[in-house]
Amino acid sequence: MDVETMKVLAAALAIGLGAQGPAIAIGILASGAMQALGRNPEARGPIMTNMILAIAFAEAIAIYALIVAIILIFVA
Amino acid sequence: MARIGLWGRIGIIILVLFALLIVGRLLFPLPEMPHIELAAEGLFSIFGFPITNTMLAAWLTILVLGGVSYAATRKMKIVPKGLQNIVEALLVMLINFVEDVAGKEYGRKFFPVIATIFIFVIANAWLALLPGFMFIGIGEEQVPLLRGANTDINFPLALALVSFVFVEYWGLRSQGFFRYVRKFLNVGGLFRGIGQLFRGKIRGGLSAILTGVIEAFTGFIEIISELVRIVSLTIRLFGNMTAGELLILMMLFLIPWVAVIPFYGLELFIGFVQALIFGGLTLVFLVIAVTPREEHE
């Protein structure tokens, strides 16, 4: 395989594998938030805010992978 | 005009969208591939100091924020009206958020920096969504004249450094030099253990040395985590904003005019969340730094 092919493959693998962890994390987070919502529907506001904050943290890891993929394709 | 049912309206909207799509394709042919550059591009230089497009955008943000503040505070009244009312309401929301986390006493002290970070990041993110950013090229290579300041890695890095310096300053100031530094350089237990060993208490000395080594190692980990915060804050903001910009560029390129609208909404939301996270994380780090460690001797 030549270098160009490897680069494209590496970028695809980087974002593809890097999205797995955050996806699981966001799933767990949302499930926890739904359960909390079911038990205590009045706490909708705080649950929503904190869930979105935590999701943004999990999402940041996917963003790191995305940066690596972008750098591989456009810069390296 | 005859009454049209719900499905009829949806059909008309879809038809109009398709018409816009086709008209857009016909009237505005797009280049082969959008121009993508990760680093900010220099437009011109003053005395060898390059002025980049992100820098221009940051100055534009400063001008806008300064203008709004000036207009809001020009004729201040006890009972606010109009713009002053809006700005005051927003600031009260922010100050409530800060005081909820940091408490009344420290909240007032931390508020200026947290609010500055939050407002600057969110203004940068939202201004970058205005038409004109990224799409006005100048020069031979069509370098975009304006580009959101958050998408230049130097800007998040500078903010993260400001946040880091501020956190360390408040940690030192509120706890005193020696108590704050002991969090990072905790070798007291180790020396005590060695002392006990020399005094002949072999068993007690050895166990004290073991806990001392663990404490010193914890301090080392604290140093690392303190430094990693800078990198993580930087990359989080830079990555989110760059990814959003690329997403909008790609969507504009794939289907002009129509497909991009939901993504603008998404970017509005992400800009808000990222500003909240940058400010909120700085706030949490500050609270951690000023909270005294529990002593267990």
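All values reported here derive from a predicted model rather than from experimental measurement.

What counts, and at which threshold
- Residues numbered from 1 in each chain as written.
- Chains lettered and ligands numbered in written order.
- Predicted model: local features only at pLDDT ≥ 70, side-chain atom pairs only at ≥ 80, totals over all residues.
- Heavy atoms only, no water.
- Core = buried A, V, L, I, M, F, W, Y, C linked by side-chain atoms within 4.5 Å.
- Buried < 20%, exposed > 50% of the residue type's maximum accessible area, 1.4 Å probe, protein only.
- Helix = DSSP H or I, 4+ residues; strand = E, 2+ residues; numbered from the N terminus.
- Contact = heavy atoms within 4.5 Å.
- Patch = residues over 30% accessible without salt bridge, like charges linked within 9 Å, V, L, I, M, F, W, Y side chains within 5 Å.
- Areas by Shrake-Rupley, 256 points an atom, 1.4 Å probe, with all protein chains shown as cover.
- Salt bridge = Lys/Arg side-chain N within 4 Å of Asp/Glu carboxyl O.
- 1 Å grid on protein atoms, 1.4 Å probe; cavity = no way out; pocket = protein on both sides within 12 Å on 5 of 7 lines; lining within 4 Å.
- Points joined across faces, edges and corners; volume = space filled by probe spheres on them.
- Nonpolar A, V, L, I, M, F, W, Y, C, P; charged D, E, K, R; others polar.
- pLDDT = per-residue confidence, 0-100.
- Axes fitted to C-alpha atoms, helices over the stretch in contact; angles between N-to-C directions.
- Parallel < 35°, antiparallel > 145°, perpendicular 65-115°, else oblique.
- Left-handed = near helix turned anticlockwise from the far one by under 90°.
- Buried area = accessible area lost by both parts, 1.4 Å probe.
- Polar contact = N/O pair within 3.5 Å; in protein donor to acceptor, adjacent residues only side chain to side chain.

1. Topic: the nonpolar core
All names here are of chain B. Core analysis: the biggest nonpolar cluster contains 42 residues, and Phe110, Phe278 and Leu286 have the highest contact counts within it. Contributions of two or more residues to this core are made by α3 (82-127), α4 (154-175), α7 (202-254) and α8 (261-290). Apart from the residues lying within four places of it in its own chain, the contact partners of Phe110 are Ala102, Phe166, Trp170, Leu283, Leu286 and Val290. Grouped together as the second largest cluster of nonpolar side chains are 5 residues, Leu129, Ile248, Met251 and Leu252 included.

2. Looking at a nonpolar patch on the surface
Residues and elements named next belong to chain B. On the surface, Leu60, Val64, Val68, Leu83, Ile86, Leu90 and Met93 cluster together into a nonpolar patch covering about 600 Å² of accessible area. Going through the elements one at a time, α2 (53-73) and α3 are the ones with two or more residues in the nonpolar patch. Counting residues per element, the nonpolar patch draws most heavily on α3, at 4 residues. Structurally, the position occupied by Leu60 is in helix α2.

3. Looking at the layout of surface pockets
Residue and element names in this part refer to chain B. There is about 1,000 Å³ of room inside the largest pocket. In this structure, the largest pocket is lined by 31 residues; those nearest its centre are Leu90, Leu94, Phe118, Ile119 and Ile122. Its residues assigned to classes, the lining of the largest pocket comprises 26 nonpolar, 5 polar and no charged.

4. Overview of the confidence of the model for chain A
Within chain A, residue pLDDT values average 88, and 100% of them lie at 70 or more. Within chain A, helix α2 (residues 20-39) of chain A carries the highest mean pLDDT (94), whereas helix α3 (residues 44-75) of chain A carries the lowest (84).

5. Quick word on the packing of α4(B) against α8(B)
A pair of packed helices can be characterised by two numbers: the angle between their axes and the separation between those axes. Residue and element names in this part refer to chain B. Following both chains from N to C, one finds α4 and α8 inclined at 20°, their axes separated by 8 Å at the closest point. Here α8 runs roughly parallel to α4, going by the angle between their axes. Seen from above, α4 lies across α8 with right-handed handedness. Residue-level inspection shows Pro156, Leu159, Ala160, Ser163, Phe166, Val167, Trp170, Gly171, Ser174 and Gln175 of α4 in contact with α8, the latter providing Phe278, Thr282, Phe285, Leu286, Ala289 and Val290. Classifying every residue of the contact of α4 with α8 gives 11 nonpolar, 5 polar and no charged.

6. A closer look at the interface of chain B and chain A
On the side of chain A, 14 residues touch chain B, which itself brings 17 residues to the contact. Carbon and sulfur atoms make up 85% of the area that chain B and chain A hide from each other, which totals about 1,300 Å². At the boundary of chain B with chain A, the tally comes to 0 salt bridges. Summed over the shared surface of chain B and chain A, the number is 0 residue pairs in polar contact (both at pLDDT 80 or more). Broken down by secondary-structure element, the contributors of at least two residues to the side of chain B that touches chain A are α7 and α8 of chain B. The element that contributes the greatest number of residues to the side of chain B that touches chain A is α7(B), accounting for 9 residues. Classifying every residue of the side of chain B that touches chain A gives 12 nonpolar, 4 polar and 1 charged.

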